[in-house]
Amino acid sequence: MVATSNLCDKSLKRLAAKKKSLSIQYIPNSAFTLDAESQEHPLIAQVLEANVSAAETPAGLPPHIQRLCESDLLEFEQEQMLFRAMNHRKFRAASLCKAIDVDIAQRSDLEQIDRLLREAQVIREHLIKANMRLVISIVKKFVSSQSTFDEMLSDGLVALMNCVDKFDYERGFRFSTYAYRSIARDLY
């Protein structure tokens, strides 16, 4: 029994040390606190539960591309909420990682970090899906005989993912304004 306990302690300490060394990137905000959102908007819960309804997809696209456009477009306020929620979760996870004492780490604390990072990832993926039409519209403008649509779409998606990670919602701009320039610059 003691040997099993020692193995669990060593395993927990290794896991805690690994979490403590994580580098979690997020866009900081002076309003962020370690407290969970007390009155979180229903949209956030809906995204986290993945019950977001499918939107109408643009006509004339191949089926594999149409599937990329199944998320509804976001209104400005929705976009702001989702970016705030994603970055707040990353902030909380990063703060918890920094505060870990490897010698007395609790499994529940490590699980909370994992949960926050999973939720941030789900929100990130939703933001990416909701902006797929933007990438497709930009790619259509840049397709040439040297680059196929699929190649450029792949490059545009990578640029979109980077934009989602770096967008500072607090500046008051629409995400599409920021992302359009970055994606077009990467494709050109």
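Please refer to the structure higher up on the page.
Residues numbered from 1 in each chain as written. Predicted model: local features only at pLDDT ≥ 70, side-chain atom pairs only at ≥ 80, totals over all residues. Heavy atoms only, no water.

Turning our eyes to something else, we now look at the packing of helix α7 (residues 149-166) against helix α8 (residues 175-187). The interhelical angle for the contact between α7 and α8, taken along N-to-C directions, is 140 degrees, at an axis separation of 9 Å. Looking at the two axes, α7 sits oblique to α8. Seen along the crossing, α7 lies across α8 with a hand that is right-handed. Contact with α7, carried on its side by Met152, Asp155, Gly156, Ala159, Leu160, Cys163, Val164 and Lys166, involves Phe175, Tyr178, Ala179, Ser182, Ile183, Asp186 and Leu187 of α8 and no other residues of that element. (Axes fitted to C-alpha atoms, helices over the stretch in contact; angles between N-to-C directions. Helix = DSSP H or I, 4+ residues; strand = E, 2+ residues; numbered from the N terminus. Parallel < 35°, antiparallel > 145°, perpendicular 65-115°, else oblique. Left-handed = near helix turned anticlockwise from the far one by under 90°. Contact = heavy atoms within 4.5 Å.)

Tracing the chain through its elements places Phe175 in helix α8. When the C-alpha positions of Phe175 and Phe76 are compared, they lie 8.4 Å apart, and in sequence the two are 99 residues distant. In contact with Phe175, other than residues within four places in its own chain, are Glu79, Phe83, Asn131, Leu160, Cys163, Val164 and Phe167.

Moving on to the side chain of Lys19. The residue Lys19 is located in helix α1 (residues 2-20) in this model. Filtering out sequence-adjacent residues up to four positions away, Lys19 remains in contact with Cys97, Ile100, Leu110, Ile113 and Asp114.

The N-to-C vectors of helix α2 (residues 42-49) and helix α5 (residues 107-130) enclose an angle of 95 degrees; their axes lie 9 Å apart at closest approach. Here α2 lies roughly perpendicular to α5, going by the angle between them. Touching Ile44, Val47 and Leu48 of α2 are Glu119, Val122, Ile123 and His126, all from α5. Of the residues that constitute the contact of α2 with α5, the class distribution is five nonpolar, one polar and one charged. (Nonpolar A, V, L, I, M, F, W, Y, C, P; charged D, E, K, R; others polar.)

Once that is clear, we can look at the packing of aromatic side chains. Enumeration according to the criterion identifies eight aromatic pairs in this entry. Taking 5.5 Å as the distance between ring centres and 40 degrees as the angle between the ring planes, the aromatic pair formed by Phe32 and Phe91 counts as tilted. One end of the pair, Phe32, is in the loop between α1 and α2; the other, Phe91, is in helix α4 (residues 76-99), and 59 residues separate them in sequence. According to the relative accessible area criterion, Phe32 is buried, its value standing at 8%. On the accessibility criterion, Phe91 (15% relative accessible area) is buried. A centroid spacing of 5.2 Å and a plane angle of 40 degrees characterise the contact between Phe83 and Phe175, whose relative ring orientation is tilted. With Phe83 in helix α4 and Phe175 in helix α8, this pair connects stretches of sequence that are 92 residues apart. Note on Phe83: relative accessible area 0%, which makes it buried. By relative accessible area, Phe175 is classed as buried at 0%. (Phe/Tyr/Trp six-rings, centres within 6.5 Å; stacked < 30°, edge-to-face > 60°. Buried < 20%, exposed > 50% of the residue type's maximum accessible area, 1.4 Å probe, protein only.)

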